[in-house]
Amino acid sequence: MKSLLKILLAGVLLALALGALVWALNVRGEVDVKTPIAAAAPSEGMVARGAYLARAGSCQTCHTAQGGQPYAGGLGIATPFGTVFTSNLTPDNKTGIGTWSSSHFWRAMHNGRSKDGRLLYPAFPYTSYTQVTREDSDAIFAYLNSLPAVVQPNQPHTLRFPYQSQAALAVWRALFFSPGVYEPDTARNAEWNRGAYLVKGLGHCAACHTARNALGATEQSLDLAGGLIPMQNWYAPSLTSPYEAGVSDWDKQHIVALLKNGVSPRASVTGPMAEVVQRSTQYLNDADLGAMAQFLKELPASHTAPPEPAAIKTQGESVERAAKLYEQHCAQCHGAKGEGIANAYPALAGNRAVTMAQASNLVQIVLNGGYAPATQGNPRPFGMAPFVLVLNDADMALVLTHVRQSWGNRASEITPLEVNRIRANSGR
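As a starting point, this report considers the structure included with it. Bear in mind the structure is a predicted one, so any value in this text is a computation, not a measurement.

Attention shifts here to the overall build of the chain. Counting secondary structure elements, the chain contains 18 helices and 7 strands. Burial status across the chain gives 45% buried among its 428 residues. Partitioning the contacts of the chain with sequence separation of at least 6, the portion at a separation of at least 24 is 64%.

With that settled, consider the pairing of strand 2 (residues 82–85). Bridging between strand 1 (residues 76–79) and strand 2 involves 4 bridges; their strand directions are antiparallel. Bridging across to strand 2, T79 finds its partner in G82. The hairpin formed by strand 1 and strand 2 contains 2 residues between the paired strands. Of the strand pairs in this sheet, strand 2 and strand 3 (residues 158–159) are connected by 2 bridges, and their pairing is antiparallel. In the strand pairing of strand 3, G82 is matched with L159.

This part takes up unusual backbone geometry. Residues F161 and P162 are joined by a peptide bond in cis, for which omega reads 0 degrees. Counting through the fold element by element, P162 comes out in the loop between strand 3 and helix 7 (166–176). At H204, a position not held by glycine, the phi torsion is positive, near 35 degrees. Along the chain, the position of H204 falls in the loop between helix 8 (190–202) and helix 9 (206–209). With a phi angle near 65 degrees, L224 is a residue other than glycine that sits in the positive phi range. Tracing the chain through its elements places L224 in the loop between helix 9 and strand 4 (227–229).

Looking now at the sheet that holds strand 2. On the basis of which strands lie adjacent, the open sheet formed by 3 strands has the order 1-2-3 and antiparallel pairing. At either end of the open sheet lies a strand with only one pairing partner, and these are strand 1 and strand 3.

Tallied over the entire structure, the rule returns 11 salt bridges. R49 is the salt-bridge partner of D136, the closest N and O atoms lying 2.2 Å from each other. Of the two residues, D136 sits in helix 6 (residues 134–145) while R49 sits in helix 2 (residues 44–56), which places them 87 residues apart along the sequence. With a shortest N-O distance of 2.7 Å, D393 and R423 are connected by a salt bridge. Taken together, the residues span a long stretch of sequence, with D393 in helix 17 (residues 393–404) and R423 in helix 18 (residues 416–425) at a distance of 30 residues. Accessibility assignment for this pair places D393 and R423 in one class, buried.

Together, Y163, L175, F176 and L215 give the surface a local cluster of nonpolar side chains, amounting to about 350 Å² of exposed area. Here L175 shows up in helix 7. Overall, L175 belongs to the exposed group, its relative accessible area being 55%.

Cut-off values and rules
- Numbering of residues starts from 1 in every chain and runs along the sequence as written.
- The model is predicted, so local features are restricted to residues of pLDDT at least 70 and side-chain atom pairs to those at 80 or more, both for listing and for counting; the totals for chains, interfaces and linings are taken over all residues.
- The basis for every side-chain value is the complete set of heavy atoms in the structure, and neither hydrogens nor water enter the calculation.
- Helix and strand assignments follow DSSP, with helices taken as H or I runs no shorter than four residues and strands as E runs no shorter than two, numbered in order from the N terminus.
- Only protein chains enter the accessibility calculation, which uses a 1.4 Å probe. A residue is then buried if its area is under 20% of the maximum for its type, exposed if over 50%, and partly exposed in between.
- The contact definition used throughout considers only heavy atoms, calling two residues in contact when any of these lie within 4.5 Å.
- At least two bridges found by DSSP between two strands is the condition for calling them paired.
- Criterion for a salt bridge: a side-chain nitrogen of Lys or Arg within 4 Å of a carboxyl oxygen of Asp or Glu.
- Here a patch means residues that are over 30% exposed by relative accessible area and free of salt bridges, tied together within 9 Å if like-charged and within 5 Å if nonpolar (Val, Leu, Ile, Met, Phe, Trp, Tyr).
- The Shrake-Rupley method, run with a 1.4 Å probe sphere, supplies the accessible areas, and residue values consider only the shown protein chains as cover.

Any functional reading would require information beyond the geometric quantities listed.
The following block contains the structure:
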């Protein structure tokens, strides 16, 4: 045992030493921030464009603590490695970015380095933002500098060893990060390229909709093919699979409606995606939403087979109880046959969110409630109250299995253990 511990310790020390070397040499794609760049005061148009782009990137969502001042940072982002706290982006000279230049900001966006050269943790999604152009980065910087300065010191991260070290982060970057601005695909039209730029860059959709490995890096080979959001127990469904959230067969205007209003004739959003729509995509213009829709429609379809039909239980006391639970708690809104109510409550029959192999979202919605975002196009959305205090694990598993195996739905059973795991991890 002692020999094994010595080997592990030696491995850690070697990795840290390698990290220190990589950190010292890791200057790929670095911008020159030592030479001042003379620049005129930003115009009102540039500031307005920066505000629009900051919304497209949903910057305020992460850089505003609950009850805090906009963009003043302090929000804790839980990760499997500890908690990362977001930074103050207001133009305060001591605690914010008041002494930064546009080149410093560009380096943070493009290279993931702070003003002092410190490597930033990828909870700030510079792995996506690296594709943002210098012009757009400068516009966002101009907007941030137009905000009221807020004095709020940045809170230190609380990461476990060895993840808190710059050396370990340098190794991670050497393995999983390469800076590079988005390069248009000349075989595609301008609309598709604009959509790709927004989805891959500012929108950083892959941060949620792509699976992550044990070290927290996205699996590029499975880009937008779905992934469990770390620490949240929500599953961001595959945007390439027709059995999850692929939209290749949707009308373009329905995709735009979903991103703009949170609801469309084909689906509605809830959970983390509802926040994205509420704070970001509802404010994008129709041209940009249309471009994103075009890009999403043309994503290469994943070669996944349809889910295997589940064995349906046709008798037994549990089946009868499940039907009674559905009638008591669900049928009034979703219909006796899961048909739903148009423009109010979604149908459950044939609903991909119900029949997906990954059932975390379904359990989350029943536990904690399901709410579409309040948007300009849908200011008073219908929602579903939480059942966390109404149904125990066994009853919730029964009624969810009933929903997944009725009216033509053929999905796997949900067990009380699965419900209990999600209930425990959601702090309920």
